[in-house]
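Listed below are the residues making up each chain.
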Amino acid sequence: MTDIGVVHAIIWALPYLAKYCEIAVWCDDGMVYAHLYEHFAKTEKLDSKGKMALSKKMALLRPDLVVTSLSAPVENGLEDAAIKASQKLQIHTVGILDKVLYRDECLKKILTQRVLPDFFVVASDMMRLKLQAVLGVFDNVYTLSMPKFAYYAYAQTLNGPFNAALRTLNGVNQGEFPLIFLSSHSEYDKQLVAYLSFVAGKCKNVKILLSFHPKDDEDFIQDTMQKLPDAKLLDVGYCSTILALKALTQEGRGAVCSFSSPLLFDVATIGGTAISFIIDRKKSTGEPLAAMGLSLLVDSRQQLLTALKNVQSGQYQQKLTGFVNEEAINQFVQAMCLLADYD
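Residues numbered from 1 in each chain as written. Predicted model: local features only at pLDDT ≥ 70, side-chain atom pairs only at ≥ 80, totals over all residues. Heavy atoms only, no water.

1. A few points about the layout of surface pockets
Line of reasoning, step 1. The computed volume of the second largest pocket comes to approximately 920 Å³.
Line of reasoning, step 2. The set of elements that each furnish at least two residues to the lining of the second largest pocket consists of α1 (4-10), α2 (14-17), β1 (25-27), β2 (43-45), α5 (54-61), β3 (65-69), α6 (77-89) and α17 (328-340).
Line of reasoning, step 3. A breakdown of the residues in the lining of the second largest pocket according to their chemical character gives 26 nonpolar, 2 polar and 6 charged. (1 Å grid on protein atoms, 1.4 Å probe; cavity = no way out; pocket = protein on both sides within 12 Å on 5 of 7 lines; lining within 4 Å. Points joined across faces, edges and corners; volume = space filled by probe spheres on them. Helix = DSSP H or I, 4+ residues; strand = E, 2+ residues; numbered from the N terminus. Nonpolar A, V, L, I, M, F, W, Y, C, P; charged D, E, K, R; others polar.)

This is how it looks when you write it as structure tokens:
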């Protein structure tokens, strides 16, 4: 595993899967390793020598199934090498696409630049149909609710106490509206920061909170802080990030905004308010959140201002979806066991 998004999507299932199967978890990224190890101690971080010896390790272990993330559109050394090695050993492979819906250009890059597995697991029927249409194959793509959706079912039940505590923790005063910027490590983040600076000058009751992507460089972080001098780094306290974002933005009492952060979808799914930044409104139907009606769309600073007014006035009501699934972990575990026995 090397994709932090997929790791986040399935990580809650690993301890349960270990009750039924002997599993080995490998990664080559420090951030991914830390997140995996926190939930599943039997995680091994492979150095360059370990990756070179991957084929030998797999030949020795002879696993029944190899599961990798497949979300990153660029070639990945560890995961692609694992699939290649599996093919030589005639071991079945599964690639996980964790997003409910992918943009056409992103999906095209994945299918042309990555080494493809035997089976694909996707998070929605919308994505299954889209992938099947592109591949022209129908019997190796499965819809499977991601284990994170079981956690989101729990998150939906938490509101009042978390909301008040997190507002105090982040210095959000009575009557203030927290607007949380989720960096997506995108080239367009700077443009959205400029929009936030405009909003800060127009809306004195808006409290801007910042959540930077782990891969953001220090120059971008410092530049953002200078342009938004009254902003504060988001503090989630002892909550998970998704719980904190949901609590701060539910019922129109706050909002999250981003260009393409997966957390934007996650917040919208469990009842938070999401504002999605797009480059070209004419192409908004290809934007996943727009296609599902899960967020307000903005393509200018004035549109962002209007969106905030609509949220605060109650004109915009967040749409809930059917993706929250209390049985997601059990379903995922059962499916992996069945694929391991596939003949």
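2. Here we look at helix α7 (residues 104-113)
Line of reasoning, step 1. Those residues of α7 lying buried are C106, L107, I110 and L111. For α7, the buried positions fall inside an angular range of 130 degrees around the axis, keeping them on one side. Within α7, the exposed residues directed more than 90 degrees away from the buried face are D104, E105, K108 and T112.
Line of reasoning, step 2. Next to the buried residues of α7 lie β4 (92-97), β5 (119-122) and α8 (125-135). (Buried < 20%, exposed > 50% of the residue type's maximum accessible area, 1.4 Å probe, protein only. Arc of directions from axis to C-beta. Contact = heavy atoms within 4.5 Å.)

3. Things to note about the sheet that holds strand β12 (residues 296-298)
Strands in a sheet are paired, the pairing made by backbone hydrogen bonds, and the direction either parallel or antiparallel.
Line of reasoning, step 1. One open sheet accounts for 6 strands, arranged β9-β8-β7-β10-β11-β12; its pairing is parallel. Taken across any chain shown, the strands that pair with only one partner, and hence form the sheet edges, are β9 (232-233) and β12.
Line of reasoning, step 2. Here strand β7 (residues 177-182) pairs with strand β10 (residues 255-258) via 3 bridges, running parallel. Opposite F181, over in β10, you have C257 as the bridge partner.
Line of reasoning, step 3. Sheet contacts for helix α13 (residues 241-249): β7, β8 (206-211) and β10; angle to β7, the most-contacted strand, approximately 145 degrees. (Pairing = 2+ DSSP bridges. Axes fitted to C-alpha atoms, helices over the stretch in contact; angles between N-to-C directions.)

4. Examining the pairing of β4
Line of reasoning, step 1. Among the 6 residues that make up β4, 5 are buried, leaving the element largely enclosed by the rest of the structure.
Line of reasoning, step 2. Bridge count for β3 against β4 is 5 bridges, and the pairing is parallel. By the bridge assignment, S69 is partnered in β4 with I96.
Line of reasoning, step 3. With α7 bridging β4 and the parallel β5, this β-α-β connection has right-handed handedness. (Right-handed = clockwise from strand over helix to strand, strands pointing away.)

5. Some words on the sheet that holds β3
Line of reasoning, step 1. Read from one edge of the open sheet, 4 strands run β3-β4-β5-β6, paired in parallel fashion. Strand pairing shows two members of the sheet lacking a second neighbour, β3 and β6 (141-143), which therefore form its edges. Neighbour-to-neighbour, the strand axes of the sheet open up by a mean angle of 25 degrees, direction not taken into account.

6. Structural notes on the nonpolar core
Line of reasoning, step 1. Counting 65 residues, the largest nonpolar core has L36 and F149 as its most contacted members.
Line of reasoning, step 2. Per-element tally for this core: the top contributor is α17, with 9 residues.
Line of reasoning, step 3. With residues near it in sequence (within four places) discarded, F149 still touches V100, A123, F265, F323, V324, N325 and A328.
Line of reasoning, step 4. With 31 residues, the next largest nonpolar core counts F177, V206, F220 and V311 among its residues. (Core = buried A, V, L, I, M, F, W, Y, C linked by side-chain atoms within 4.5 Å.)

7. Considering unusual backbone geometry
Line of reasoning, step 1. Unusually for a residue other than glycine, H185 sits at a positive phi of about 55 degrees.
Line of reasoning, step 2. Tracing the backbone shows H185 in the loop between β7 and α11 (189-202).
Line of reasoning, step 3. Classification of H185 as partly exposed rests on a relative accessible area of 41%.

8. Structural notes on the packing of α13 against helix α14 (residues 262-269)
The geometry of a pair of packed helices is captured by two quantities: the angle between their axes and the separation between those axes.
Line of reasoning, step 1. Axis separation between α13 and α14 bottoms out at 9 Å; the angle between their running directions is 55 degrees. Relative to α14, α13 is oriented oblique. Considering only the axes of α13 and α14, their crossing is right-handed. Residue-level contacts link T241, I242, L245 and T249 of α13 to L263, D266 and V267 of α14.
Line of reasoning, step 2. Taken together, the residues of the contact of α13 with α14 break down into 4 nonpolar, 2 polar and 1 charged. (Parallel < 35°, antiparallel > 145°, perpendicular 65-115°, else oblique. Left-handed = near helix turned anticlockwise from the far one by under 90°.)

9. Observations concerning the pattern of salt bridges
Side-chain pairs of opposite charge can arise whenever the charged atoms involved come near each other.
Line of reasoning, step 1. Scanning all chains against the criterion turns up 7 salt bridges.
Line of reasoning, step 2. A salt bridge links K148 to D266, with the nearest nitrogen and oxygen atoms 3.1 Å apart. Here the residue K148 occupies a position in helix α9 (residues 148-155), and D266 occupies one in helix α14, the gap between them amounting to 118 residues.
Line of reasoning, step 3. Exposure remark for K148: the relative accessible area of 4% places this residue in the buried category.
Line of reasoning, step 4. Between K227 and D223 there is a salt bridge, with its nearest N and O atoms 3.2 Å apart. Remark: D223 and K227 occur in helix α12 (residues 218-227); sequence separation between them is 4 residues, near one turn of the helix.
Line of reasoning, step 5. By relative accessible area, K227 is classed as partly exposed at 42%. (Salt bridge = Lys/Arg side-chain N within 4 Å of Asp/Glu carboxyl O.)

Scope: geometric values only; no functional claims are made or implied.
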